[in-house]
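The residues making up each chain are set out below.
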Amino acid sequence: MLTLPSEYTTILTSFTRLFSKRVWQHAQILLIGAILTPAQRTVAAVLRIMGLETETHFQTYHRVLNRDRWSSLEVSNLLLAWLIKTFVPTGPVFLGLDDTIERRRGAKIAAKGIYRDPVRSSQSHFVKASGLRWLSLMLLTPIPWAKRVWALPFLTALCPSERYYEKRVRGHKKLTHWARQMLYQARRWLPDRQVVVLADASFAAIELLWRIIQLPNPICMITRFRLDAALYTPAPIRKEGQKGRPRKKGARLPTLKQVLANSRTVWVSLALPDWYGQGPKTVESVSDTAVWFHNGLPPVPIRWVLIRDPKGVFAPQALLCTDLTLSAEQIVKWFVMRWRVEVTFHEVRTHLGVETQRQWSDLAIARTTPTLLGLFSLVTLLAHTHARHRRLPVRQAAWYAKPLPTFSDALAIVRQELWQHLYFHSSHFQGDVRKIPVRALKCLLYAVCYTV
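Each chain has its residues counted from 1, running along the sequence as written. It should be noted that, the model being predicted, local features are given only for residues of pLDDT at least 70 and side-chain atom pairs only at 80 or more, the latter also being counted only at that level, while totals for whole chains, interfaces and linings use all residues. The side-chain quantities take in all heavy atoms of the structure and omit both hydrogens and water.

1. Re the overall build of the chain
Of the regular secondary structure elements, the chain holds 13 helices and 11 strands. Its C-alpha atoms give the chain a radius of gyration of 25 Å, near enough to 22 Å, the size a compact globule of 452 residues would have. Its C-alpha atoms give the chain principal-axis dimensions of roughly 85 × 55 × 45 Å. Buried residues in the chain amount to 54% of all 452 residues. Counting only carbon and sulfur atoms, one obtains 54% of the accessible surface of the chain, whose full area is about 23000 Å². Of note, the chain has its 63 positive side-chain charges centred 3 Å away from the centre of its 29 negative side-chain charges. For helices the rule is a DSSP run of H or I covering at least 4 residues; for strands it is a run of E covering at least 2, with both sets numbered from the N terminus onward. The atom set for the radius of gyration is the C-alpha atoms, and the globule formula is 2.2 Å times the number of residues raised to the power 0.38. Burial classification: accessible surface area is computed with a 1.4 Å probe over protein chains only, and a residue below 20% of its type maximum counts as buried, one above 50% as exposed, and the rest as partly exposed. For accessible areas, the Shrake-Rupley method is used with a probe of radius 1.4 Å. Any residue's cover is judged against the shown protein chains and nothing else. Positive charge is attributed to Lys and Arg, negative charge to Asp and Glu, and no charge count is given to His or to the chain ends. Throughout, a charge is located at the NZ atom of Lys, the CZ atom of Arg, the CG atom of Asp or the CD atom of Glu.

2. Overview of the packing of helix α2 (residues 21–36) against helix α11 (residues 362–387)
The angle between two axes is taken between their N-to-C directions and runs from 0 to 180 degrees, where each axis is a line fitted to C-alpha atoms and a helix contributes only its stretch in contact. Between α2 and α11, the shortest axis-to-axis distance is 11 Å and the interhelical angle comes to 80°. When the interaxial angle is binned, α2 and α11 end up roughly perpendicular. Taken together, the residues of α11 that come into contact with α2 (itself represented by Leu31, Ala34 and Ile35) are Leu375, Leu378, Val379 and Leu382. Among the residues forming the contact of α2 with α11, the class breakdown is seven nonpolar, no polar and no charged. Put simply, angles under 35 degrees are roughly parallel, angles over 145 are roughly antiparallel, angles from 65 to 115 are roughly perpendicular, and the rest are oblique. In what follows, a contact means two residues having at least one pair of non-hydrogen atoms within 4.5 Å. Following the grouping adopted for this structure description, the nonpolar residues are Ala, Val, Leu, Ile, Met, Phe, Trp, Tyr, Cys and Pro, the charged ones are Asp, Glu, Lys and Arg, and the polar ones are all others, Gly among them.

3. Regarding the packing of aromatic side chains
When two rings of Phe, Tyr or Trp (its six-membered ring) have centres within 6.5 Å they constitute a pair, described as stacked for plane angles under 30 degrees, edge-to-face for angles over 60, and tilted for the intermediate range. For the structure on display, the rule yields 12 aromatic pairs. A centroid spacing of 4.9 Å and a plane angle of 85° characterise the contact between Trp275 and Tyr276, whose relative ring orientation is edge-to-face. Using a relative accessible area of 6% as the deciding quantity, one classes Trp275 as buried. Clustering of aromatic rings is evident, with ring pairs tying together Trp145, Trp150, Phe376 and Phe407.

4. Focus: the pattern of salt bridges
What counts as a salt bridge is simple: a side-chain nitrogen of Lys or Arg found within 4 Å of a carboxyl oxygen of Asp or Glu. Across all of its chains, the model carries 17 salt bridges by this definition. Among the ionic pairs, Arg103 bridges to Glu355, the shortest N-O distance being 3.6 Å. Of this pair, Arg103 sits in strand β1 (residues 93–103) while Glu355 is found in the loop between α10 (339–351) and α11, placing the two residues 252 residues apart along the sequence. The exposure class of Arg103 is partly exposed, given its relative accessible area of 25%. For the salt bridge of Glu355 with Arg349, the shortest nitrogen-to-oxygen distance reads 3.0 Å. Taken together, the shared-partner salt bridges in this structure form one network comprising Asp98, Asp200, Arg224, Arg338 and Glu342.

5. Structural notes on the pairing of strand β10 (residues 300–308)
Burial analysis of β10 places seven of its nine residues in the buried class, which makes it a mostly covered element. Strand pairing is defined by DSSP finding a minimum of two bridges between the two strands. Where strand β9 (residues 281–292) and β10 come together, nine bridges link them in antiparallel fashion. Paired with Val286 across the bridge in β10 is Leu306. Pairing geometry for β10 and strand β11 (residues 317–321), over five bridges, is antiparallel. Paired with Arg303 across the two strands is Cys321, which belongs to β11.

6. Here's the deal with the packing of helix α5 (residues 72–87) against α11
Here α5 crosses α11 at 25°, and the two axes come no closer than 11 Å. In terms of orientation, α5 lies roughly parallel with respect to α11. The chirality of how α5 crosses α11 is left-handed. The segment α5 lies against α11, with Ser72, Leu79, Trp82, Leu83, Thr86 and Phe87 engaging Arg367, Gly374, Ser377, Thr380, Leu381 and His384. Considered class by class, the residues forming the contact of α5 with α11 number five nonpolar, six polar and one charged. Crossings are classed by handedness, with left-handed meaning an anticlockwise turn of the near helix from the far one by less than a right angle and right-handed meaning a clockwise turn.

7. What about the environment of Ala111?
Tracing the backbone shows Ala111 in the loop between β1 and β2 (113–116). A residue is classified by how much of its surface remains accessible, and Ala111, at 8% relative accessible area, is buried. When sequence neighbours within four positions are dropped, the list of residues in contact with Ala111 reads Gly131, Leu132, Leu158, Pro160 and Tyr164.

8. A closer look at the nonpolar core
Residues Phe154, Met221, Phe225 and Trp292 are the most contacted members of the largest nonpolar core, which totals 143 residues. Examining the composition of this core, we find that 12 residues originate from one element, α11, more than from any other. What makes a nonpolar core is a set of buried Ala, Val, Leu, Ile, Met, Phe, Trp, Tyr and Cys residues whose side-chain atoms join them at distances within 4.5 Å.

9. Quick notes on the pairing of strand β6 (residues 220–225)
For β6, the buried fraction is high: five of the six residues fall into the buried class. Bridge count between strand β5 (residues 195–199) and β6: four bridges; the pairing is parallel. Of the residues in β6, the one forming a bridge with Leu198 is Ile222. Crossover connection from β5 via helix α7 (residues 206–213) to parallel β6: handedness right-handed. Here β6 runs beside β11; their pairing, made up of four bridges, is antiparallel. Among the inter-strand pairings, Phe225 is bridged to a residue of β11, identified as Ala318. Whether a crossover is right-handed depends on one test, that the path from the first strand over the helix to the second runs clockwise when the strands point away from the viewer.

10. Quick look at the confidence of the model for the chain
The predicted structure's coordinates, where accompanied by low pLDDT, should not be read in detail. Overall, the prediction assigns the chain a mean pLDDT of 89, with 93% of residues at 70 or greater. Averaged pLDDT values over the elements of the chain bottom out at 53 in helix α13 (residues 438–450) and peak at 98 in β5. A score between 0 and 100, pLDDT records how confident the predictor is in each residue. Low confidence marks residues 426–435, where pLDDT is under 50. Its contacts with residues over four positions away, or in another chain, come to 10 contacts.

11. Observations regarding the side chain of Asp309
Looking at the element boundaries, Asp309 is found in the loop between β10 and β11. Looking at Asp309, the relative accessible area reads 8%, which means it is buried. In protein, a polar contact requires one atom able to donate a hydrogen and another able to accept it; more generally it is a pair of N or O atoms within 3.5 Å, and residues adjacent in sequence count only if both atoms are side-chain atoms. In this structure the side chain of Asp309 is engaged in a polar contact, spanning 3.4 Å, whose partner is the side chain of Lys281. Discounting chain neighbours no more than four positions away, the residues touching Asp309 are Lys281, Thr282 and Phe314.

In structure tokens:
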């Protein structure tokens, strides 16, 4: 039986009701092993790190991912509840929405496709990547002991390419359709909270925006916006007895590209406290309301914000917001938080082994990557229990002065706490250090040294 710190047990045992007793015993070992493993996140690596390399029924641990019955959606719901209770008990809830490519190869991986690699590509250089496309919804919240906003994943879905559905009865579902379904689910889980979604230009789609503002409790969405979008004034008020179909829009307005080029445009200076982690920055902006419309689609009222850099460091960019009452300054401040989503994608690849797993069955693939992304949030929760009592150790280097803890420090302290309880407080080893797996001792030394 696993021996865990009492505060960790409170969080982990809350997930017990989502599994059968047999499945939870194996799932818990996989979960703890995935945190402790410093290299590839394969089932074999997890069994070795947990001292179970001689387990003859190793296939039972594979079945947790590729066969056993448990709901990833229920796990996501409970994880979000813990995150909300711990970090955002009151006030608006900020969610980051973005997709990422998990580079995977293999003839048996049916859902893989060929996509543009957003990390390696640029405006002048196009790079393709073979792999799986994941859409992740993350909670954007300040972490008290890190003194910055983190993006904590809680719901991730696999979004196969159009080629995947060619020989299947089910039709292809676009990325924006997956996004709409995930936002609907988040609204069900947070029925009474104000929800603000921050996303990139991929989700600036009229149909998606119109759907979420039609909800009984509308979701506010802020995204990047194209400079050549067709904007109009609101439709004029219909006169009594007027015949014909009601108008959807009014007069055509200049595009944002024209507003940018117009010498008569009045720009307002905005002082932002943090600009993509680079510290304070002053930008110039202009904002107004309009109706975004395209033939065949419903009209969407928006507030647009055009931003430019007085020093010309970055190219002018535009944002849209579905809440017309927000100010331009508030919209820009909120949208800047979205870049933390990219940081989380980098962290899970570097420290949690995303893209190193080797499952090839459909169900195991659909479960493993969302679990590793959710592990980022779980480790943050576990580290927070430690930080409430004492300061997290911060690893330092002569060439890198780090004043505040990062996710690597949070992971190191969680590993250290788990090792101490697993191998030095467990009756299984009865205090005999010689019975601890050699790899476990090496990783314990790694975890302890990492936090010095």
